[in-house]
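Below, each chain spelled out in residue letters.
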Amino acid sequence: MDAYQGGRTQLTKFDRLAVWICVLGSGVMAALHIVLVPSARSVYSDVDDLIRGLTKIVMAPGYGAASVMLMLFLAYYGARMRRAYNNQTASNVLFLGIVFSLATNGLLIWALYTPAGRSMQYLG
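Residues numbered from 1 in each chain as written. Predicted model: local features only at pLDDT ≥ 70, side-chain atom pairs only at ≥ 80, totals over all residues. Heavy atoms only, no water.

Looking at this structure, I do not really get the environment of Ala 40. What am I missing?
Position of Ala 40 relative to the elements: it lies in helix H2 (residues 37-43). The exposure class assigned to Ala 40 is buried, which follows from its relative accessible area of 6%. Sequence separation between Ala 40 and Met 59 is 19 residues, and the spatial gap between their C-alpha atoms is 8.7 Å. Not counting chain neighbours up to four residues away, the residues in contact with Ala 40 comprise Met 59 and Leu 112. (Helix = DSSP H or I, 4+ residues; strand = E, 2+ residues; numbered from the N terminus. Buried < 20%, exposed > 50% of the residue type's maximum accessible area, 1.4 Å probe, protein only. Contact = heavy atoms within 4.5 Å.)

Here you go:
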C-alpha cells in the first residue's frame, strides 16, 4: 500500500543507518561536551590563529546543545517523513543528518586535539 493512500512504509536500510549515525553522533557530541570540553578549555591554548573565533564557538555549551538537538531532529523528521510520505525528501533530510553529524563532531574533535598536536611538535 502506498504511503499517500494512508498506509505506512517501512524504513530502508539507508534510513536506519542514517538514524543510527545521527543518534550516535548526538551521543558522542554530548559525551565530549560533558567530559572533555571543560578540561580542554582550561588546559589547551586557543586555536584562534587557525580560524578566528573557533574556540569560542566550538567550546560553547550552546554549540553542543544545538548540535545534539539538530541531529536528533533530523533523524526523527527524516524517519517520520519516510514512514508517512515515502519520498525523496526523506532521504535528503536523513543524508543531511549524516553530513551534519560527521561535520560537527569532526569540528569539535579537531578543535579539541589540534592544540595538543601542535604541542607535540616541540618534543621532536
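Next, the rest of the story.
In this structure, what is going on with unusual backbone geometry? I would like to understand it.
Only a minority of non-glycine residues have a phi that is not negative, and only a minority of peptide bonds are not trans. At Asn 86, a residue that is not glycine, the phi angle is positive and equals roughly 55°. As for its position among the elements, Asn 86 is in the loop between helix H4 (61-84) and helix H5 (88-120). Exposure remark for Asn 86: the relative accessible area of 38% places this residue in the partly exposed category.

What is the right way to read the packing of aromatic side chains from this model?
Aromatic ring pairs are described here by two measures, namely the spacing of the ring centres and the angle between the planes. In this structure the tally under the stated criterion is 1 aromatic pair. Consider the rings of Phe 73 and Tyr 77, whose centres lie 5.5 Å apart with planes at 10°: the pair is stacked. Of this pair, Phe 73 and Tyr 77 both sit in helix H4, separated by 4 residues, roughly a single helical turn. (Phe/Tyr/Trp six-rings, centres within 6.5 Å; stacked < 30°, edge-to-face > 60°.)

Where do I start with the side chain of Arg 82 in this structure?
Relative to the helices and strands, Arg 82 is located in helix H4. Within the structure, the side chain of Arg 82 is placed 2.3 Å from the side chain of Ser 91, a separation counted as a polar contact. Non-local contacts of Arg 82, meaning those with residues more than four positions away in its chain, are made with Thr 9, Gln 10, Leu 11, Asp 15, Asn 87, Ala 90 and Ser 91. (Polar contact = N/O pair within 3.5 Å; in protein donor to acceptor, adjacent residues only side chain to side chain.)

For this particular structure, what's the right way to read the packing of helix H1 (residues 13-35) against H4?
Packed helix pairs are characterised by how far apart their axes lie and by the angle those axes make with each other. Between H1 and H4, the least distance of the axes is 9 Å, while the angle of their chain directions is 165°. Between H1 and H4, the crossing angle belongs to the class labelled roughly antiparallel. For the element pair H1 and H4, the recorded crossing hand is left-handed. Each of Asp 15, Val 19, Cys 22, Val 23, Gly 25, Ser 26, Met 29, Ala 30 and His 33 in H1 lies in contact with H4, whose residues at this interface are Tyr 63, Gly 64, Ser 67, Val 68, Met 71, Leu 72, Ala 75, Ala 79 and Arg 82. For the contact of H1 with H4, a count of residues per class yields 11 nonpolar, 5 polar and 2 charged. (Axes fitted to C-alpha atoms, helices over the stretch in contact; angles between N-to-C directions. Parallel < 35°, antiparallel > 145°, perpendicular 65-115°, else oblique. Left-handed = near helix turned anticlockwise from the far one by under 90°. Nonpolar A, V, L, I, M, F, W, Y, C, P; charged D, E, K, R; others polar.)

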